[in-house]
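# Examining the three-dimensional arrangement
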Amino acid sequence: GGRSTFATDGQVLYQSGADDVVRGFALADPAAAPVELYRDTRMHLIGVAVSGDGRRLGVGTFDVDGAQRSRVLLAGATVRGGADPAVGQDVDGVILAWPGPPGWAVVDRGGPLAVIDADSGGTVLALPAHAAPTTVLADGPRLLSASVDGPAYLWDLTAGADGGMLLGHTGEIVALAGRGDALFTAGEDGAVRIWGAAGGEPRAVARGEHELTAAAWLGDAIVTGDLGGVVRVVDGTGGERARLSLA
């Protein structure tokens, strides 16, 4: 199999393991044993994505010919003490995220992204901007997608429209996240860029000395890690709050 990937709906942490098994960990009871939710003996697992309400789980797979598909597990309530999840519709491509409308999923089919209705498999909206997306952030009707070529794109899924291109990074965007009225993108150019969530207006930029490898929200601040072994905490104005060198 491939590497482990993780997803959470706030109550359960889902892991797609290198052993081609999906497990669920109850966050309210860290000492509890994980529950095996899905096992595939024919295909390798390459990702997992859970809807915000926890009722749909997309398990990305690929077969010996390299074809990528996602198996949708419905009502994955086993970890919460409910019934075993049922297998729903299989869809072409790997499900990356579940935006707000029930049943809608963002899929990567080895080219442009698409928003589909996972229950029917039909395409709701084509997102033609990316040829090689790295990650997406789905928050209700808003979708932020990032690519290895530098730009990020903000989408209004309700209107089916491009909400704007977020420019400024040179090279790959390695992380993105949203909180409240703000978004951030972090790039291999060493910069963290902070944007308004509604329209993508630029707010601040924090520049580092090395290529970034990871970034995440830490309260109202952003913590970053880079190839130079430096961990930084920056605030919403781009100012540095703390720095730790691990090299």
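Residues numbered from 1 in each chain as written. Predicted model: local features only at pLDDT ≥ 70, side-chain atom pairs only at ≥ 80, totals over all residues. Heavy atoms only, no water.

### Comments concerning the sheet that holds strand S12 (residues 123-127)
The line we're drawing: Each pair of strands is called paired provided DSSP finds at least two bridges between the two strands. Strands are runs of DSSP state E lasting at least two residues, helices are runs of H or I lasting at least four, and both sets are numbered from the N terminus onward. Fitted lines through C-alpha atoms give the axes, limited to the stretch in contact for helices. The angle between two N-to-C directions lies from 0 to 180 degrees.
The four strands lie next to each other as S9-S10-S11-S12, forming an open sheet whose pairing is antiparallel. In the strand order of this sheet, the two ends are held by strand S9 (94-97) and S12, each with one partner. Across the sheet, the mean angle from the axis of one strand to that of its neighbour is 35°, orientation sign disregarded. Alignment of S9 against strand S10 (residues 104-108), held across three bridges, turns out to be antiparallel. When the bridges of S10 are listed, Val94 appears paired with Asp108.

### Brief notes about the sheet that holds strand S19 (residues 191-196)
Taking strand neighbours across the sheet as the criterion, the four strands line up as S17-S18-S19-S20 in an open arrangement whose pairing is antiparallel. In this open sheet, the two strands that pair with only one neighbour each are strand S17 (173-179) and strand S20 (202-207). For this sheet, the mean angle separating the axes of adjacent strands, direction not counted, is 15°. Sheet topology places S17 next to strand S18 (residues 182-187); six bridges connect them, and they run antiparallel. Across the sheet, the residue bridging to Ile173 is Gly187, located in S18.

### Brief notes about the nonpolar core
Just so we agree on the cut-off: Only buried residues count toward a nonpolar core, which is a set of Ala, Val, Leu, Ile, Met, Phe, Trp, Tyr and Cys residues joined through side-chain atoms within 4.5 Å. Throughout this description, buried means an accessible area under 20% of the type-specific maximum (1.4 Å probe, protein chains only), exposed means over 50%, and partly exposed covers the range between. In this analysis, two residues are considered to be in contact whenever any of their non-hydrogen atoms come within 4.5 Å of each other.
Within the largest apolar cluster, 14 residues are counted, with the highest numbers of intra-cluster contacts made by Phe184, Ala186, Val192, Ile194, Ala215, Trp217 and Ile222. Of all the elements in the fold, those that place two or more residues in this core are S17, S18, S19, S20 and strand S21 (212-218). Leave out the neighbours within four places in its chain, and Ile222 touches Phe184, Val192, Ile194, Ala215, Ala216, Trp217, Arg232, Val233 and Val234. Ala7, Tyr14, Leu45 and Leu73 belong to the second-largest nonpolar core, a separate cluster that totals 12 residues.

### What to know about the pattern of salt bridges
Under the convention used in this document: Salt bridges are defined by distance alone: a side-chain nitrogen of Lys or Arg within 4 Å of a carboxyl oxygen of Asp or Glu.
As enumerated under the stated definition, the model contains 11 salt bridges in all. For the salt bridge of Glu201 with Arg203, the shortest nitrogen-to-oxygen distance reads 3.7 Å.

### Re the packing of aromatic side chains
Note the cut-off: Aromatic pairing here means that ring centres of Phe, Tyr or Trp (its six-membered ring) are within 6.5 Å. Orientation follows from the plane angle: under 30 degrees is stacked, over 60 is edge-to-face, and everything else is tilted.
Evaluated as defined, the whole model comprises two aromatic pairs. Arranged with centres 5.5 Å apart and planes meeting at 70°, the rings of Phe184 and Trp217 form a pair that is edge-to-face. Taken together, the residues span a long stretch of sequence, with Phe184 in strand S18 and Trp217 in strand S21 at a distance of 33 residues. Grouping residues by exposure puts Phe184 and Trp217 together as buried.

### Digging into unusual backbone geometry
Positive phi, close to 65°, is recorded for Asp20, a residue that is not glycine. For Asp20, a relative accessible area of 9% translates into the label buried.

### A closer look at the confidence of the model for the protein
Any segment with low pLDDT has predicted coordinates that should not be analysed in fine detail. For clarity, the threshold we go by: Looking at any residue, its pLDDT shows the predictor's confidence there, from 0 to 100.
Looking at the protein as a whole, its pLDDT mean stands at 82, while 88% of the residues score no less than 70. Scored below 50 in pLDDT, residues 77-83 makes 19 contacts in the model with residues more than four places away or belonging to other chains.

### Some remarks on the layout of surface pockets
Here is the rule we go by: Here a cavity means grid points, on a 1 Å grid over the protein atoms only, where a 1.4 Å probe fits yet cannot get out; a pocket means an open set of points with protein on both sides within 12 Å along at least five of seven lines; lining residues are those with an atom within 4 Å of a point. Grid points are joined across faces, edges and corners, and a volume is the space filled by probe spheres set on the points. Asp, Glu, Lys and Arg are counted as charged, while Ala, Val, Leu, Ile, Met, Phe, Trp, Tyr, Cys and Pro are counted as nonpolar; the rest, among them Gly, fall into the polar class.
Put simply, the largest pocket is a space of about 1000 Å³. Lining the largest pocket are 38 residues, and of these Phe6, Val48, Leu96, Thr135 and Val136 lie nearest its centre. Taken together, the elements giving at least two residues each to the lining of the largest pocket come down to strand S1 (5-8), strand S5 (44-50), S9, strand S13 (133-139), S17 and S21. Here the residues of the lining of the largest pocket are counted per class, giving 22 nonpolar, 10 polar and six charged.

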